[in-house]
Amino acid sequence: MTALKPSDQMPIVVTMGCRLNAYESEVMRAHARNAGLAQAIIVNTCAVTKEAERQGLQTLRRLRRLHPAAHIVATGCAVQLDPARYAAMPEVNRVLGNEHKMSAESFRPEMDTPVLVTDIMEVRETAEHLVEGFDGRARAFVQVQQGCDHRCTFCIIPFARGNNRSVPMGRIVQEVRGLVAAGFREIVITGVDITGYGGDLPGTPTLGQMVRRLLAAVPELPRLRLSSVDPAEVDADIFRLAAEEPRLMPHFHVSAQAGDDVILKRMKRRHARADIIAFCDRIRTLRPDAVFGADLIAGFPTETDEMFANTASLIDDAGLTYLHVFPFSIRPGTPAARMPQVNGRVVKARAARLREKGHAALASQLRGYIGTWAEVLVENSSEGRSAHYAPVHLASPGVAGEVIPVRITGAGKNALYGEAIA
Ligand code: SF4
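Since the structure is predicted, the reported quantities are computational estimates derived from the model, not experimental observations.

Novice: What exactly am I supposed to notice about the sheet that holds strand S5 (residues 115-116) here?
Specialist: Within the open sheet, the 5 strands sit side by side as S1-S2-S3-S4-S5. Their pairing is parallel. Of all the strands in the sheet, the pair left with one neighbour each is strand S1 (12-15) and S5. Relative to strand S3 (residues 71-76), strand S2 (residues 40-45) is paired through 6 bridges, and the arrangement is parallel. Bridge pairing links Ala40 to His71 in S3. Of the strands in this sheet, S1, S2 and S3 touch helix H1 (residues 19-35), which is tilted by about 160 degrees from S2.

Here it is as structure tokens:
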């Protein structure tokens, strides 16, 4: 997180956690600016792990020290789950739940009550808003879905974000058109469970059907990337797009969580180990250059050495490279919190083992690109990302936001080196 100086232009928005939070932070930035909420600092918290919550609290206290006169707004998943805790903090002026944070009304300078939090399980629709830009980012995140109907035993997210709610097709097209007109060359489709898209809409369109219609409706959009997919819910159109649509980026992040079937059952996941491998193999058959990332949890309750070994070997068997490794974190109120826990040191050691395997797999994949060329989205003057999501260090300065052809001249542990092709 960037070091904030007291003289920084207000509103300051601090985003913790996922891309959906990043998207919502842009909505709040615009609301606070338009409402003239002066000296506003907004902290958009995350509750996916205990550590994420701790960082949110620490950030609120630090910002108050740095900005004694600021109007501090605490919001996000950690706040939605425990609003009283944040309302009791002397550092905090306003507490907004995940529904209220999306409403312009919540940012009016004069407020009757400093705490606006509703029962998120009662919310039936996604809020109406259009993001026009992404401060300091070359790619834009677009929310297509909110909440989740599943109840994985380790996960607190549905209780912070409510049940599955999809953004109607028309609004997605309008938002993407606006972002492309504003100069964005890459859109990342985001949500909590994007493969659950459409289940609550008339005609129950699938994620793949939505993406197909979106790409047809916005032919000027060069690159579309999916955030994370549930291997049990990927529809036929996603496979068809992977085979036929060059604008769909050949990078798939799989919400795998584990590679052992007993653990997957105890997590209440809808897929087995073989389904993860089958998903990656099928995509690879349709799009041979496709690459895969995955969320993996280390040390889920009752996980034995053998079960962990099945998760570790999944990295090789499915060909996973971009790993997000989470040491299991007890979330109060979840079924997994009541299960027999794995020793904390073992959890840490297993997480380190998975990261190590991931780094080695990524380094080997990156070496394979040396001597080839890549379409790179320039993120700042000296760096960008390829269509395969590889970070690329540019030999000469590029223009942020542009997509340029780059010859790959070298590879490091977690990034490529390249020079722009004139
Ligand atoms: S699918 Fe499972 S892990 Fe993902 S948000 Fe829903 S409950 Fe949580």
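Having put the structure on the table, let's press on.
Novice: I'm lost on the sheet that holds strand S18 (residues 403-411) in this one. Help?
Specialist: Remark on secondary structure: sheet strands pair via backbone hydrogen bonds, oriented parallel or antiparallel. In space, the 5 strands of this closed barrel follow the order S15-S16-S17-S19-S18, with mixed pairing throughout. Averaged over all pairs of adjacent strands, the angle between strand axes in this sheet comes to 50 degrees, irrespective of strand direction. With 3 bridges connecting them, strand S16 (residues 383-386) and strand S17 (residues 391-394) associate as antiparallel partners. In the strand pairing of S17, Arg385 is matched with Pro391.

Novice: I keep staring at the environment of Ala69 and nothing clicks. Help me out?
Specialist: The residue Ala69 is located in the loop between helix H2 (50-66) and S3 in this model. Filtering out sequence-adjacent residues up to four positions away, Ala69 remains in contact with Gln39 and Arg64.

Novice: Where do I start with the packing of helix H8 (residues 236-244) against helix H10 (residues 273-286) in this structure?
Specialist: Helix packing for two helices is described by the angle between their axes and how far apart those axes are. The geometry of H8 relative to H10 is characterised by a closest axis approach of 8 Å and an angle of 35 degrees between their N-to-C directions. Within the contact between the two elements, H8 uses Phe239, Ala242 and Ala243 and H10 uses Phe279, Arg282, Ile283 and Leu286. Each residue belonging to the contact of H8 with H10 can be placed in one class, and the counts come to 6 nonpolar, no polar and 1 charged.

Novice: Help me understand unusual backbone geometry in this model?
Specialist: Most peptide bonds are trans, and most residues other than glycine sit at a negative phi. Here Gln257, not a glycine, exhibits a phi torsion of approximately 75 degrees, which is positive. When you line up the elements, Gln257 lands in strand S12 (residues 251-257). With a phi angle near 75 degrees, Thr302 is a residue other than glycine that sits in the positive phi range. Inspection of the secondary structure assignment puts Thr302 in the loop between strand S13 (291-298) and helix H11 (305-318). For Thr302, a relative accessible area of 24% corresponds to the partly exposed category.

Novice: Can you walk me through the site of the ligand in this structure?
Specialist: Neighbouring residues of the ligand: Cys148, His150, Cys152, Phe154, Cys155, Pro158, Val192, Arg269 and Arg270. A class-by-class count of the residues in the shell around the ligand yields 6 nonpolar, 1 polar and 2 charged.

Novice: What's the story with the domain arrangement of the protein in this structure? I'm lost.
Specialist: Reports often express the size of an interface as the amount of accessible area lost when the parts come together. In terms of domain boundaries, the protein breaks down into domain 1 (12-118), domain 2 (124-249), domain 3 (261-266 + 283-367) and domain 4 (373-420). Centre-to-centre, using C-alpha coordinates, domain 3 lies 28 Å away from domain 4. Carbon and sulfur atoms make up 67% of the area that domain 3 and domain 4 hide from each other, which totals about 630 Å². Of all residues in domain 3, Asp289, Tyr322 and Leu366 bury the most surface against domain 4, accounting for 66% of the area lost on that side. Our enumeration of links across domain 3 and domain 4 arrives at 0 salt bridges. Scanning the region where domain 3 abuts domain 4 turns up 4 residue pairs in polar contact (both at pLDDT 80 or more). Tallied by class, the residues present in the side of domain 3 that touches domain 4 amount to 5 nonpolar, 1 polar and 2 charged.

Conventions and cut-offs
Residues numbered from 1 in each chain as written. Predicted model: local features only at pLDDT ≥ 70, side-chain atom pairs only at ≥ 80, totals over all residues. Heavy atoms only, no water. Pairing = 2+ DSSP bridges. Helix = DSSP H or I, 4+ residues; strand = E, 2+ residues; numbered from the N terminus. Contact = heavy atoms within 4.5 Å. Axes fitted to C-alpha atoms, helices over the stretch in contact; angles between N-to-C directions. Nonpolar A, V, L, I, M, F, W, Y, C, P; charged D, E, K, R; others polar. Buried < 20%, exposed > 50% of the residue type's maximum accessible area, 1.4 Å probe, protein only. Near = heavy atom within 4 Å. Domains from an automatic or database assignment. Buried area = accessible area lost by both parts, 1.4 Å probe. Salt bridge = Lys/Arg side-chain N within 4 Å of Asp/Glu carboxyl O. Polar contact = N/O pair within 3.5 Å; in protein donor to acceptor, adjacent residues only side chain to side chain.

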